[in-house]
Amino acid sequence: MRKISLQKDQQKKILVKYENKIKLFTFRWTLYVNGGLVVLRSYDKQVAQNVLELNHKNQSFRVAVKPRGATNFNVPYILVKFKEFDYEKNEAIFELYNFNNKVQVTLEDLKNN
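### As for the sheet that holds strand β8 (residues 91-99)
- Reading across the sheet, the four strands line up as β1-β8-β7-β6 and stay open at both edges, with antiparallel pairing between neighbours. Looking along the sheet, the strands with just one partner apiece sit at the ends: β1 (2-7) and β6 (60-64). Shown here is a sheet whose adjacent strand axes are inclined to one another by a mean of 25 degrees, direction ignored.
- Relative to β8, strand β7 (residues 77-86) is paired through nine bridges, and the arrangement is antiparallel. Looking at the pairing, Glu84 lines up with Ile93 of β8.

Written out as structure tokens, the structure reads:
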């Protein structure tokens, strides 16, 4: 588990490494209003948007790291959970979890732009 604090439009970049593959996972938030945080994310050239809310079932999203196959029914994934919003710093605080079953997946932080 990692704690990540991001300001508006600050992008988090993470290299996902498994087997002989290296892929880029990025996410950032663009709007926080009425308790909803709009998050834009990208993994392996697939782009998506989520609205996350504190203390709600829509508090997190997961990204499958590797496609499901005959040898890996339970695919490894990354879970990003919205934990709190710091109004003084105007930052969203996330927890990032790396769930991998049998497949060794490592996450490496890249510097933010």
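### Focus on the sheet that holds strand β3 (residues 21-33)
- The antiparallel open sheet is built from five strands, whose spatial order is β5-β4-β3-β2-β9. The sheet is open, and its two edges are formed by β5 (46-53) and β9 (105-110), each paired on a single side. Pairwise comparison of adjacent strand axes, ignoring direction, gives a mean angle of 25 degrees for this sheet.
- With eight bridges joining them, strand β4 (residues 36-43) and β5 adopt antiparallel strand pairing. From the neighbouring strand, Leu37 faces β5, where its bridge partner is Leu52.

### Concerning the pattern of salt bridges
- Evaluated as defined, the whole model comprises seven salt bridges.
- A salt bridge links Glu108 to Lys17, with the shortest nitrogen-to-oxygen separation between them at 2.6 Å. Separated by 91 residues along the polypeptide, Glu108 in strand β9 and Lys17 in strand β2 (residues 12-18) bring together distant segments of the chain.
- With a relative accessible area of 27%, Lys17 lands in the partly exposed category.

### Concerning unusual backbone geometry
- With a phi angle near 55 degrees, Asn34 is a residue other than glycine that sits in the positive phi range.
- Judged by relative accessible area, which is 79%, Asn34 ranks as exposed.
- A positive phi is found at Lys45, a non-glycine position, where the angle reads about 70 degrees.
- Mapped onto the elements of the fold, Lys45 is located in the loop between β4 and β5.

The rules we used
- Each chain carries its own residue numbering, running from 1 in the direction its sequence is written.
- Where local features are concerned, this predicted model is filtered to residues with pLDDT of at least 70; where side-chain atom pairs are given and counted, the filter is 80 or more; whole-chain, interface and lining totals use all residues.
- Side-chain metrics in this entry use all non-hydrogen atoms of the structure; hydrogen atoms and water are not considered.
- Pairing between strands requires that DSSP locate at least two bridges from one strand to the other.
- Strands are runs of DSSP state E lasting at least 2 residues, helices are runs of H or I lasting at least 4, and numbering of each runs from the N terminus.
- Whenever a helix is involved, its axis is fitted only over the stretch in contact; in every case the axis is a line through C-alpha atoms, and angles between N-to-C directions fall within 0 to 180 degrees.
- Each reported salt bridge corresponds to a side-chain nitrogen of Lys or Arg within 4 Å of a carboxyl oxygen of Asp or Glu.
- Residue exposure (1.4 Å probe, protein chains only): buried if accessible area is under 20% of the type maximum, exposed if over 50%, otherwise partly exposed.

None of this, on its own, says anything about what the molecule does.
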